[in-house]
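Observations on the three-dimensional arrangement
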Amino acid sequence: MDTTRKRRRVAVQREAGVLARLLAVSPGALALVTLPLYHGPHADVYRVEVGEMARGRVQAVLGGHPVWAKLEVGRHGLLHVHVLTSAAARADLPQHARCTAVTDPVGLLAYLAKPADARACSWRDQGGRWHRPNAATLHAAATDHAAARLQGRLPRLTWTAYLPRLPRGVSGAA
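All figures in this text were calculated on a predicted structure; none of them were measured in a lab.

Some remarks on the sheet that holds strand β7 (residues 158-161)
Spatially, the 5 strands line up as an open sheet ordered β4-β1-β3-β2-β7, and their pairing is antiparallel. A strand with exactly one partner marks an edge of an open sheet, and here the two such strands are β4 (98-101) and β7. Within the sheet, the average angular offset between the axes of one strand and its neighbour, ignoring direction, is 20 degrees. Pairing of strand β1 (residues 30-39) with β4, which is carried by 4 bridges, proceeds in the antiparallel orientation. Opposite L32, over in β4, you have T100 as the bridge partner. Set on the sheet, helix α2 (residues 48-62) makes contact with β1, β2 (67-73), β3 (78-86) and β7; between it and β1 the angle comes to about 130 degrees.

So this is what it looks like as structure tokens:
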């Protein structure tokens, strides 16, 4: 198994407990909310201030709802946050937020286990064909990540809020 697929599998396993906690406190179905932040340099995804801004935005929009969130930057520089939450949160969303029902939570976690910088990811075009990042794009993504690490602390790219611990013996509990 190649290292990327192995890392994604480990990430999904790590988040499985979070998924169990989210399902335990979410009445009914789950929803994936995408909150756009702004267009900017891809390297901004690694700035601590951007991470804090993203957490504040999620809190402002979904405060009180249980959430698992991930900060990402798209191929064209759109910084955004993917938020897995209760479907009940749909009523509280602003107009610019995109919300879809989650039919396969484990598959969604596998998808979200990809790198936070889309320049390092394969992508699918409008015709459904998959493309790998070219060497220059992949090098730029790796360089931005390495430069951010050299400057000090990286932001947390995933976080949770309002998720209680599960009692011992419940699947997903530590």
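So much for the structure itself; the text now carries on.
Describing the nonpolar core
Of all hydrophobic cores here, the largest spans 23 residues; its most connected members are L71, V81 and V83. When contributions to this core are tallied by element, the ones reaching two or more residues are β1, α2, β2 and β3. Take this core: its biggest share by element is 5 residues, from α2. Discounting chain neighbours no more than four positions away, the residues touching V81 are V33, T34, L35, L37, A54, V58, A69, K70, L71 and W159.

Overview of the confidence of the model for the chain
Confidence along the chain averages 84 in pLDDT terms, with 86% of residues attaining 70 or more. When the elements of the chain are averaged for pLDDT, helix α1 (residues 3-25) gives the smallest value, 69, and β2 the largest, 94.

A closer look at α2
For α2, built from 15 residues, the straight-helix expectation of 21 Å at 1.5 Å per residue is met to within 8% by its first-to-last C-alpha distance of 21 Å. Considered for burial, the residues of α2 that qualify are V48, V50, G51, A54, V58, V61 and L62. One side of α2 carries all its buried residues, which in axial view fall inside an arc of 165 degrees. For α2, the elements touching its buried residues are β1, β2, β3 and β7. Two residues or fewer past α2, G64 is found with a positive phi of approximately 95 degrees.

Definitions and limits used
Residues numbered from 1 in each chain as written. Predicted model: local features only at pLDDT ≥ 70, side-chain atom pairs only at ≥ 80, totals over all residues. Heavy atoms only, no water. Pairing = 2+ DSSP bridges. Helix = DSSP H or I, 4+ residues; strand = E, 2+ residues; numbered from the N terminus. Axes fitted to C-alpha atoms, helices over the stretch in contact; angles between N-to-C directions. Contact = heavy atoms within 4.5 Å. Core = buried A, V, L, I, M, F, W, Y, C linked by side-chain atoms within 4.5 Å. Buried < 20%, exposed > 50% of the residue type's maximum accessible area, 1.4 Å probe, protein only. pLDDT = per-residue confidence, 0-100. Expected span 1.5 Å × (residues − 1). Arc of directions from axis to C-beta.

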